[in-house]
Amino acid sequence: MKVVLPDGSDLSVAEGATAADVAEAIGPRLAKAAIAAKIGDRVVDLATPVDEGDQVAILTPSSEEGLDVIRHSAAHVLADAATRLFPGTKVAIGPAIKDGFYYDFEFPEPVGEDDLPRLTEEIQRLLGASLPFERREVSKEEALALFKDEPYKLELIRDLPTDAVISVYRQGEFLDLCRGPHVPDTGRIGEVGLLSVAGAYWRGDSDNTMLTRIYGTAFPTKKELEDYLRRMEMARQRDHRRLGRELGLFSFQDEGPGFPFFHPKGMRVVNALLEYWRKEHLAAGYEEIRTPMILERTLWEHSGHWENYKDNMYFTVIDGVDFAVKPMNCPGGMLVYKSEQHSYRDFPLRMAELGQVHRHEMSGVLHGLFRVRCFTQDDAHIFCLPGQVEDEILGVIDLIRRMYRTFGFDKVHVELSTRPEKSIGSAEMWETAERALAAALERAGLEYVLNPGDGAFYGPKIDFHIEDVMGRTWQCATCQLDFIMPERLDLEYVGEDNQRHRPVMLHRVVLGSIERFLGILIEHYGGALPAWLAAVQVVVVPVADRHAEYAQAVKSALESAGLRVDVDLRAESVSKKIRDGEVGKVPFMLVVGDREVEQRSVTLRTRGSKETRSYALAEAVAFIGGECEVPGVASGA
RNA sequence: GCCGGUGUAGCUCAAUGGUAGAGCAGCUGAUUUGUAAUCAGCAGGUUGGGGGUUCAAGUCCCUUCGCCGGCUCCA
């Protein structure tokens, strides 16, 4: 009989052959590397028989799918080790995930990070034993009997549809309910490392039991595992919380959990970022407004926030009247809109607001600048005619992509989120809004993923995810279409027909949260921000005290050009000052000594490079000034 | 919020239940330095807060606060 290989060629194999036989027939090296196979779209065990005409691909650990198989198998070995070391342990689930795997357990005694070395040792012993993975298909009754002492497995089995094929895998002493596939034996898993222990609810529901989750990862070779651990360590080195402190940008205090404090250098960066932001928004036809932090409760009741968002809001009482601290800027922006009459001729009206919002996040989710309780949204509300909606969305998409490219975020992936359970407005309104967003995406030629039920409570949204240098993705920009709040807050405009109409409103952010975006940038650049964003752009390094006066003159010249400059007058060696400048991620350092004083010049050293170059002072100011120029469209000046 | 971990000087970390220490940073002084750490000295602490056990607590117990990791990528 014949099977079809991925390159389209046919391969003859004996009747009753398995995927492993196919691998063998292709070549001994492939057979050795093979860990699973793909028949059609199905990933299967190597022991799976193939049929006449099947599309067969052999999986090795070098593919994503192959890695998933070895990691999922590693999870089973972890469960084997855990149940051996801690008798009485109940097992839950253990899938492969991005970059690794986990397994959830209910242990009879507390198990923590300290137990990982023992578990790792046991895993290594099991890997060395090359225990075969044996698959068996069983009836539901048999499955229930096999797992009678495993409450979580029983729950899973009971939830399976009646016609489901139930398979179990055994390796060593460990039997697990599992769809598979797995590697042929534990000797084929490669190198396994356990990473961390954490709590996790059974099925992610906080009403359920808290289980102990052990995270790990597996790679075909020790080298790859070590590379991975090194990359993790690199990401740890780039942690914005650490860099933020070391670079003196911001801090967190016990007195304000989740509320960041920005220090002078942090504000320099924020202000540079906002300068860029304002340039882009001015050019894109936005006006800027600012609305109050605290507004009356009744407003939030009208807008629907009270009903849908009050668990995340902070409240206060002023002169016996209930007020709320704003968690979003839209109602305030809409009051600005309502403060005067509008004509269709005003549209589209683009009102931006760098609005600081407060949201009561659960204490356990706070995380540096990434998840805070107080942040600045680069918000805007666009009021327009129904017929202008698509063009406005396209304009927003264009602005988002242009601004992201400035930071090297060239890859963007897009999601369209639809009506959530908790929401307001009629079904028709939602349908119209969802269709409009989809249409704009089609016109922009952007591919997107549908994310049902993840929209805001007042309307569907398009989310933009960026990818940083370490391959992590972040949702930042969002563009939401809202027919509902204009209705609830009774917004109007006078149309061409001299009648009153309801405007359509778009909510959108580009950077999302200024604080979070800064955190992303810090990690993306490893603290070495582009010169235009750097808190200190230039350090002037006098060689000896007698050069201090000239160094100050150099500083003044640079500052006159609008640059952020420090001069290092400490009685330290040049080497020490250079080192501190490098550690401080300063883009440019200017060394001035006898030579420079005499020639009215400077010697420039650029961050990360040992090479130096001499400039006349005026040339240096022009050059560095150019390098530090805030990007963006020319403001016309 | 929940589970686990953790909390010692500004930072990174030491200290069998028995006198709280080091490096860096800071300050003072000396040094005047040419591209990633000059030398010396000084100062720095209610060991997160509160309570308890003990002759004795940084260390053990309780409680509270902060921080760190995690809380469906579904056998």
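Computed from a predicted structure; not experimentally measured.

Undergrad: Which parts of the structure should I look at to understand the overall build of chain A?
TA: For chain A, the helix and strand inventory stands at 20 helices and 33 strands. Overall size of chain A, expressed as C-alpha extent along the three principal axes, is 85 × 75 × 55 Å. Each of the 637 residues in chain A was classed as buried or not, and the buried ones make up 50%. Across chain A, contacts joining residues at least 24 apart in sequence account for 69% of those joining residues at least 6 apart. Accessible surface, chain A: about 30,300 Å² in total, of which carbon and sulfur atoms supply 49%. Side-chain charges in chain A split into 74 positive and 101 negative, and the spacing between the mean points of these groups amounts to 4 Å.

Undergrad: Sorry if this is basic, but what is going on with the pattern of salt bridges here?
TA: Opposite charge on two side chains lets them pair, provided their charged atoms get close. Considering all chains together, one arrives at 35 salt bridges under this definition. Between Lys 461 and Asp 463 there is a salt bridge whose closest N-O contact spans 3.6 Å. You can call Asp 463 buried: its relative accessible area is 2%. Each member of the salt-bridge network shares a partner with another, and the members are Asp 568, Arg 570, Lys 576 and Asp 580.

Undergrad: Looking at this model, I keep getting lost on the pairing of strand β8 (residues 100-106). Mind explaining?
TA: Two faces, one strand: in a regular strand the side chains alternate between the faces of the sheet. Most of β8 sits out of view: six of its seven residues are buried. Pairing between strand β7 (residues 96-97) and β8: two bridges, direction antiparallel. Within the sheet, the bridge partner assigned to Ile 97 lies in β8 and is Gly 100. Counted along the chain from β7 to the antiparallel partner β8, the turn is two residues long, and its residue Asp 99 has a positive phi close to 70 degrees.

Undergrad: I tried to follow unusual backbone geometry on my own but got confused; where do I start?
TA: What you tend to see is this: most non-glycine residues have negative phi, and most peptide bonds are trans. With an omega of -5 degrees, the peptide bond between Phe 347 and Pro 348 qualifies as cis. The phi angle at Asp 490 is positive, at roughly 55 degrees, despite the residue not being glycine. Examined against the element boundaries, Asp 490 turns out to sit in the loop between α15 (484-488) and β26 (493-494). Residue classification places Asp 490 among the partly exposed positions, given a relative accessible area of 39%. The residue Arg 600 is not glycine, and still its phi comes out positive at about 50 degrees. Turning to its location among the elements, Arg 600 is positioned in the loop between α19 (594-599) and β32 (601-606).

Undergrad: Hey, could you run me through the sheet that holds strand β17 (residues 294-296) in this one?
TA: Note: strands within a sheet are paired through backbone hydrogen bonds, in either parallel or antiparallel orientation. Ordered in space as β17-β19-β18, the three strands form an open sheet in which the pairing is antiparallel. Here the strands that pair on one side only, and so sit at the sheet edges, are β17 and β18 (314-318). Put simply, the sheet's adjacent strands are angled 40 degrees from each other on average, direction ignored.

Undergrad: Explain helix α20 (residues 617-627) here, please?
TA: An α-helical turn contains 3.6 residues, so a residue and the one three or four places further along point in the same direction. The complete set of buried residues in α20 reads Leu 617, Ala 620, Val 621 and Ile 624. One side of α20 holds all its buried residues, which, seen down the axis, span an arc of 100 degrees. In α20, the exposed residues that point more than 90 degrees away from the buried face are Ala 618 and Ala 622. Taken together, the buried residues of α20 touch β29 (538-542), α17 (548-560), β31 (588-592), β32 and β33 (612-616).

Undergrad: What is the right way to look at the packing of aromatic side chains in this model?
TA: Note on aromatic pairs: each is described by the distance of the centres and the angle between the planes. Under the counting rule described, the total for this entry stands at 25 aromatic pairs. Feature note: the residues Tyr 276, Tyr 404, Phe 407, Phe 409, Phe 517 and Trp 532 constitute an aromatic cluster, connected by ring pairs. Its guanidinium or amino end placed over the ring of Phe 219, Arg 71 lies 4.7 Å from that ring's centre, counting from NZ or CZ. Over the ring of Tyr 102 we find Arg 213; its NZ or CZ atom is 3.6 Å from the centre of that ring.

Undergrad: Is there a simple way to think about the protein's contact with RNA strand B in this case?
TA: Around RNA strand B, 53 residues are found, and the nearest of them are Leu 177, Arg 179, Ser 363, Asp 545 and Glu 596. For the surface near RNA strand B, the element with the highest residue contribution is helix α18 (residues 574-583), accounting for six residues. For the surface near RNA strand B, the class distribution of residues is 23 nonpolar, eleven polar and 19 charged.

Undergrad: Please clarify how the environment of Ile 58 should be interpreted in this entry.
TA: Of note, Ile 58 is situated in strand β5 (residues 56-59). With 480 residues separating them along the chain, Ile 58 and Val 538 place their C-alpha atoms 56 Å apart. Not counting residues within four places of it along the chain, the set of residues in contact with Ile 58 comprises Ala 19, Val 22, Ala 23, Ile 26, Leu 30, Ala 34, Ala 36 and Ala 37.

Undergrad: Can you walk me through the sheet that holds strand β3 (residues 36-39) in this structure?
TA: Spatially, β4-β3-β5 is the arrangement adopted by the three strands of the open sheet, whose pairing is antiparallel. The open sheet is flanked by β4 (42-44) and β5, the only strands paired with a single partner. On average, adjacent strands in this sheet sit at an angle of 25 degrees to one another, irrespective of strand direction. Bridging between β3 and β4 involves three bridges; their strand directions are antiparallel.

Undergrad: Sorry if this is basic, but what is going on with the nonpolar core here?
TA: Proteins that are soluble and globular tend to have nonpolar side chains buried together. If you look at the biggest cluster of nonpolar residues, it comprises 62 residues, and the most contacted ones within it are Tyr 404 and Phe 517. Looking at this core, the element that brings in the most residues is helix α13 (residues 389-406), giving eight residues. When residues no more than four places from it in sequence are discounted, the contact partners of Phe 517 are Leu 273, Tyr 404, Phe 407, Phe 409, Ile 466, Cys 476 and Leu 511. Membership of the second largest hydrophobic core comes to 37 residues, among which are Phe 86, Phe 107, Val 192 and Ala 218.

About the criteria used
- Residues numbered from 1 in each chain as written.
- Chains lettered and ligands numbered in written order.
- Predicted model: local features only at pLDDT ≥ 70, side-chain atom pairs only at ≥ 80, totals over all residues.
- Heavy atoms only, no water.
- Helix = DSSP H or I, 4+ residues; strand = E, 2+ residues; numbered from the N terminus.
- Buried < 20%, exposed > 50% of the residue type's maximum accessible area, 1.4 Å probe, protein only.
- Contact = heavy atoms within 4.5 Å.
- Areas by Shrake-Rupley, 256 points an atom, 1.4 Å probe, with all protein chains shown as cover.
- Lys, Arg positive; Asp, Glu negative; His and termini not counted.
- Charge placed at Lys NZ, Arg CZ, Asp CG, Glu CD.
- Salt bridge = Lys/Arg side-chain N within 4 Å of Asp/Glu carboxyl O.
- Pairing = 2+ DSSP bridges.
- Axes fitted to C-alpha atoms, helices over the stretch in contact; angles between N-to-C directions.
- Arc of directions from axis to C-beta.
- Phe/Tyr/Trp six-rings, centres within 6.5 Å; stacked < 30°, edge-to-face > 60°.
- Lys NZ or Arg CZ within 6 Å of the ring centre and 35° of its normal.
- Near = heavy atom within 4 Å.
- Nonpolar A, V, L, I, M, F, W, Y, C, P; charged D, E, K, R; others polar.
- Core = buried A, V, L, I, M, F, W, Y, C linked by side-chain atoms within 4.5 Å.

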